[in-house]
Amino acid sequence: MLGPVLETLIGGLLTGVLYSLVALGFVLIFKASGVFNFAQGSMVLFAALSLARLAEFMPLIVALALSIVIMIALAYAIEFLVLRHLINQDSIILFMATLGIAYFLEGFGQSIWGSDIYKIDLGFPTNPVFVLESMFPGGLLIDPTELIAAVICAVMVLVLAVFFQVTRVGRALRAVADDHQAAQSVGIPLGQIWLMVWAVAGLVALVAGMMWGAKLGVQFSISLVALKALPVLILGGFTSIPGAIVGGLIIGAGEKLSEVLLAPILIRTFDLAGGGIENWFAYVLALLFLLVRPQGLFGERIIERV
Amino acid sequence: MRAPTRQQIAAGEVLLSVDDVSLAFGGVRAVTGVSFDIRKGEIRAIIGPNGAGKTSMLNVINGFYQPQRGRITFKGQTRSRMRPYEAALGGIARTFQNVALFKGMTALDNIMAGRTLKMQRGFLWQVLRVGPALSEEMENRLLVEQIIDFLKIQHIRKIPVGKLPYGLQKRVELGRALAMEPDLLLLDEPMAGMNIEEKEDMCRYILDLNEHFGTTIALIEHDMGVVMDLSNRVLVLDHGVKIADGTPAEVQADRAVIDAYLGVSH
């Protein structure tokens, strides 16, 4: 029994890392503007489409470099065309703007890159690896692509955490999120800060899109991965980079384990048809969390003076 | 440094001058054809009834609002509009009518945010926390601690400002503005909502700043007693138009000012 459970746990954790990666994009923009960026999923799709189609004409590494340029250009366009004009507006206005950006990007991405299913071949070994064969009969099965994705994600997280939390930029980010005018009055350049976080969020989206694309194929449904990032954010806290990681791991492991451990019990006890737990478990977990700890595991305490 | 006397200010160097500035939002005129100047070292009050355009004037000076007409000359440089970043870089700091602090951050971090433009070491140094970046952080921290001592807010340094009572928030906000080592400090109703004791403290700080550090201050205030005590010169706005400009005594005796405040039958 332990062997399969452990195997499920590892598989869940590795998928969870990919959730974290998407959630990270949300956290970055939320930290710098207090806005939930609805377009993050579309950015993942757009980045994955760009990479997949470019890689058809050129070596992967060149396509990747070009995609990076595209994502930075996209951040610049968003800052120049949209955000710049919304300084000092309520965060609900900024949220609506990201809604618009989301649908535009989805449509625009498919207009230029096409709407079929495309493949991204990262050249990683695809055959599953078996480990710890001496301890468990048959060993534990691990997907090497997911393992590599997890390592890449871990490195990105470390770099970002250092970049945003240790430097003066971290202070500036929090300042901008709290009050635009006040931030401007001390000379924090709003435009530059936004440009920077959107560019970094775009790069995170690119990595997430690359990994999900390699796993599932590049198609419209990739943008829906963003919906899985929601419970991750609620668990980890909207403003915390480590929170996005831990939240992703918990959700990833939790939904896979629930399928293996919880489903049989539910089926037996209530005589259900079973299945589908993976689809709702994360959201129920998030809901419970909202009741107990609305700021998430690592989020900043919600302060309200009355 | 001694505070300049009235005669010195009257002959003094002009730090900022606003020339024929008009600002409208759609059809609503907030400021119409206003000209005035602020001289180095003075405390300049801007008064007027509600909706007179006082805050709009401050917002034009530090670049939040873009006037449709007029010119702004600051430190000898004339332009048709200020940008918030340029204003901050040039040494204009401000506080806000309704306290605009970074609520989730501690008082210390809020005031440190005022040092943003003075800390320019590269990212890499900051990340590594060595060399120039470390000494830079220390130097700036030292100055910020001095400001904290000056404002007597040592005990709340590590408390997120959202939790502080209003009077202390106003003090932290002043601290953040001071951390910019401003040449021109704009205070938008620094004493609004304060009790008498807090008002007296705030008056003391404003006078100290002006006398000991020679900071030029422009302030909007409704409390006439405070305005008359503190300021060297008073600008009076009503419905976006300048109706008087002079010493407190002159302004107090002005017919148009009395009418604006007490109302007049037409």
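This text follows the structure it describes.
Residues numbered from 1 in each chain as written. Chains lettered and ligands numbered in written order. Predicted model: local features only at pLDDT ≥ 70, side-chain atom pairs only at ≥ 80, totals over all residues.

Chemist: Would you mind going over the overall build of chain A with me for this structure?
Modeler: Helix and strand counts for chain A come out as eleven helices and two strands. The N-to-C order of helical and strand elements in chain A reads α-α-α-α-β-β-α-α-α-α-α-α-α. The C-alpha radius of gyration of chain A comes to 20 Å, within 12% of the 19 Å expected for a compact globule of 306 residues. Expressed along its principal axes, the backbone C-alpha trace of chain A runs to roughly 65 × 60 × 35 Å. Put simply, chain A has 306 residues, and 47% of those count as buried. Look at the contacts in chain A between residues 6 or more apart in sequence, and 75% of them connect residues 24 or more apart. (Helix = DSSP H or I, 4+ residues; strand = E, 2+ residues; numbered from the N terminus. Rg over C-alpha atoms; globule rule 2.2 N^0.38 Å. Buried ≥ 20, exposed ≤ 12 C-beta atoms within 10 Å, placed from the backbone. Contact = placed C-beta atoms within 7 Å.)

Chemist: Honestly, the packing of helix 2 (residues 40–54) of chain A against helix 3 (residues 60–81) of chain A in this entry has me stumped. Any pointers?
Modeler: Helix packing geometry: the angle between the two helix axes and the distance between the axes. Residues and elements named next belong to chain A. Two elements in contact, helix 2 and helix 3, have axes whose closest approach is 9 Å; the angle formed by their N-to-C orientations is 145 degrees. Both helix 2 and helix 3 take part in a crossing whose hand is right-handed. In this structure, helix 2 uses A47, S50, L51 and L54 to contact helix 3, whose residues at the interface are A63, L64, L66, S67, I70 and M71. In terms of residue class, the contact of helix 2 with helix 3 is made up of eight nonpolar, two polar and no charged. (Axes fitted to C-alpha atoms, helices over the stretch in contact; angles between N-to-C directions. Left-handed = near helix turned anticlockwise from the far one by under 90°. Nonpolar A, V, L, I, M, F, W, Y, C, P; charged D, E, K, R; others polar.)

Chemist: Where do I start with the pairing of strand 1 (residues 14–25) of chain B in this structure?
Modeler: Look at any regular strand and the pattern is simple: side chains alternate between the two faces of the sheet. Residue and element names in this part refer to chain B. Bridge analysis of strand 1 against strand 2 (residues 28–39) gives eight bridges, and the strand direction is antiparallel. When the sheet's bridge partners are listed, S17 is paired in strand 2 with D37. Here strand 1 folds back onto strand 2, and the loop between the two strands holds two residues, one of which, G26, carries a positive phi near 60 degrees. Summarising the sheet, strand 1 and strand 4 (residues 69–74) pair through five bridges and their orientation is antiparallel. Looking at the pairing, S22 lines up with R69 of strand 4. (Pairing = 2+ DSSP bridges.)

Chemist: Mind showing me how you'd approach the environment of S185 of chain A here?
Modeler: Turning to its location among the elements, S185 of chain A is positioned in helix 7 (residues 180–185). The class of S185 of chain A is buried, set by 28 C-beta atoms lying within 10 Å. The spatial distance from the C-alpha of S185 of chain A to the C-alpha of V155 of chain A is 36 Å, given a sequence separation of 30 residues. Contact partners of S185 of chain A, with chain neighbours within four places excluded, come to N62, P84, A88 and R94 of chain B.

Chemist: Hey, could you run me through the pairing of strand 3 (residues 43–47) of chain B in this one?
Modeler: Residues and elements named next belong to chain B. Of all five residues in strand 3, five are buried, a share of seventy percent or more. Two strands pair when backbone bridges link them, and strand 3 and strand 9 (residues 233–238) are joined in this way by four bridges, in the parallel orientation. By the bridge assignment for strand 9, A45 is matched with V234.

Chemist: Help me out: how do you make sense of the sheet that holds strand 6 (residues 92–94) of chain B in this one?
Modeler: The strands that make up a sheet are held in pairs by hydrogen bonds between backbone atoms, and each pair lies either parallel or antiparallel. Residues and elements named next belong to chain B. The six strands are arranged 6-7-8-3-9-10 in an open sheet whose pairing can be described as mixed. Sheet topology places strand 6 and strand 10 (241–246) at the edges, where each strand pairs with a single neighbour. Here the strands of the sheet are splayed against their neighbours by 20 degrees on average, with no regard to which way each runs. Relative to strand 7 (residues 184–188), strand 6 runs parallel, the two being bridged by three bridges.

Chemist: Sorry, what's going on with the environment of M119 of chain B here?
Modeler: Mapped onto the elements, M119 of chain B comes out in the loop between helix 4 (107–113) and helix 5 (123–128). Measuring from C-alpha to C-alpha, the distance between M119 of chain B and H222 of chain B comes to 36 Å, with 103 residues separating the pair along the chain.

Chemist: How should I be thinking about the nonpolar core in this particular structure?
Modeler: Generally speaking, nonpolar side chains in soluble globular proteins are found buried as a group. Judged by nonpolar contacts, the single largest core of 164 residues is most densely connected at V44 and A48 of chain A. When residues of this core are assigned to domains, at least three map to each of domain 1 (1–91 + 182–266) and domain 2 (100–181) of chain B. If we skip the residues at most four places from it in the chain, V44 of chain A touches V22, A205, A208, G209, W212, I222, S223, V225 and A226 of chain A. (Core = buried A, V, L, I, M, F, W, Y, C linked by C-beta atoms within 7 Å. Domains from an automatic or database assignment.)

Chemist: I tried to follow the interface of chain B and chain A on my own but got confused; where do I start?
Modeler: Note: interface size is frequently given as the accessible area lost on complex formation between the parts. Across the boundary between the two partners, chain B contributes 30 residues, which contact 22 residues of chain A. Secondary-structure elements contributing two or more residues to the side of chain B that touches chain A are helix 3 (84–90), helix 4 and helix 5 of chain B. With four residues, helix 3 of chain B is the single largest residue contributor to the side of chain B that touches chain A. Looking at side-chain class alone, the side of chain B that touches chain A contains 18 nonpolar, six polar and six charged residues.

Chemist: I keep staring at the environment of D245 of chain B and nothing clicks. Help me out?
Modeler: All names here are of chain B. Here D245 shows up in strand 10. Looking at D245, the number of C-beta atoms within 10 Å reads 19, which means it is partly exposed. On a C-alpha basis, the gap between D245 and A45 in space is 9.8 Å, while along the polypeptide they are 200 residues apart. Other than its neighbours up to four places away in sequence, D245 contacts F36, L235 and V236.

All we've got here are geometric facts, nothing functional implied.
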